[in-house]
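Results of the structural survey
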Amino acid sequence: MHVDNSDTIGRFGYISDYDHEKHYARVEFPDLGIVSSWLPVAVWNSKDNHDEKHFDIGEHVYCLLHDNTGIVLCAVYDNNNNPPVANKEIRAITFKDETTLTYDRENHITDFKDCNENSIHIDENGIDITDCNGNNIHLDDKGITITSCADIIVNAADNYENTSGSHTGFTSPRIDLN
């Protein structure tokens, strides 16, 4: 079957309206002085797996148009919006509130940091989980280290058992064992 694609064109534009429930957008094409009709937005998955991301008003996008229809294919960087990391080895997602998720495929490092300075760092040496108060849990081949800026409280609905192969030690100004 032959399809005539001679009227199909790719065009850059800016999101002027967005329906987050239907995943449709209207796109302004400043060079033509027009705004599109509602266009579907392409996603990675939409059946068994789902991928959902939403455009911001004014986001620079690339569309594929044919006759009176089309599709918004993707957002693109431009002179006003640069890549947040610009390193070919790092995959990064940065949200408006500065929450970030990065994966460095060369060094096999995953980092997550939210807007409140809570973080998770995973590398070949282990996992570090740190909250905005400075509390930290470090997991590696030597064990688990918990560092707290205040009390450590263990609440158990039933029994609490502390089993150690050789030594259990506590260092604190005050230790209560009930």
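Below: a short report on this structure. The structure presented is a predicted model; accordingly, all values stated were derived computationally and were not measured.

1. Describing the layout of surface pockets
- Quantified by volume, the largest pocket comes out at close to 1400 Å³.
- What lines the largest pocket is a set of 32 residues, and nearest its centre among them are Lys53, Glu59, Ala75, Tyr77 and Thr94.
- Tallying contributions element by element places strand E7 (residues 90-94) first for the lining of the largest pocket, with five residues.
- Classifying every residue of the lining of the largest pocket gives 18 nonpolar, seven polar and seven charged.

2. Quick word on the sheet that holds strand E8 (residues 100-104)
- With respect to topology, seven strands assemble into an open sheet ordered E7-E8-E9-E10-E11-E12-E13, the strand pairing being antiparallel. The open sheet terminates on both sides in strands that have one partner only, identified here as E7 and strand E13 (143-147). Between one strand axis and the next, the sheet turns by 5 degrees as a mean value, whatever way the strands run.
- Pairing of E7 with E8 involves five bridges; the strand directions are antiparallel. By the bridge assignment, Ala92 is partnered in E8 with Thr102.

3. Topic: the pairing of strand E1 (residues 8-19)
- Bridge analysis of E1 against strand E5 (residues 60-66) gives seven bridges, and the strand direction is antiparallel. Considered in E5, the bridge of Arg11 is made with Cys63.
- Where E1 and strand E2 (residues 24-29) come together, five bridges link them in antiparallel fashion. Bridge pairing in E2 places Asp19 opposite Tyr24.
- Between the end of E1 and the start of E2, which pair antiparallel, lie four residues, with His23 showing a positive phi angle near 65 degrees.

4. Details of the side chain of Ser36
- For Ser36, the position within the fold is in the loop between strand E3 (34-35) and strand E4 (39-40).
- Here Ser36 is in contact with Ala25, Arg26, Val27 and Phe29, once residues within four sequence places are set aside.

5. Focus on the environment of Phe95
- For Phe95, the location among the structural elements is in the loop between E7 and E8.
- Judged by its relative accessible area of 47%, Phe95 is partly exposed.
- Spatially, the C-alpha atom of Phe95 lies 20 Å from that of Thr130, the residues being 35 residues apart in sequence.

6. Topic: the packing of aromatic side chains
- As enumerated under the stated definition, the model contains two aromatic pairs in all.
- Considering the side-chain rings of Tyr18 and Phe55, the 6.2 Å spacing of their centres and the 90 degrees angle between planes classify their relative orientation as edge-to-face. In this pair, Tyr18 sits in strand E1 while Phe55 sits in the loop between E4 and E5, placing the two residues 37 residues apart along the sequence.

Conventions adopted
- Residues numbered from 1 in each chain as written.
- Predicted model: local features only at pLDDT ≥ 70, side-chain atom pairs only at ≥ 80, totals over all residues.
- Heavy atoms only, no water.
- 1 Å grid on protein atoms, 1.4 Å probe; cavity = no way out; pocket = protein on both sides within 12 Å on 5 of 7 lines; lining within 4 Å.
- Points joined across faces, edges and corners; volume = space filled by probe spheres on them.
- Helix = DSSP H or I, 4+ residues; strand = E, 2+ residues; numbered from the N terminus.
- Nonpolar A, V, L, I, M, F, W, Y, C, P; charged D, E, K, R; others polar.
- Pairing = 2+ DSSP bridges.
- Axes fitted to C-alpha atoms, helices over the stretch in contact; angles between N-to-C directions.
- Contact = heavy atoms within 4.5 Å.
- Buried < 20%, exposed > 50% of the residue type's maximum accessible area, 1.4 Å probe, protein only.
- Phe/Tyr/Trp six-rings, centres within 6.5 Å; stacked < 30°, edge-to-face > 60°.

Everything listed here is a matter of geometry and, on its own, says nothing about what the molecule does.
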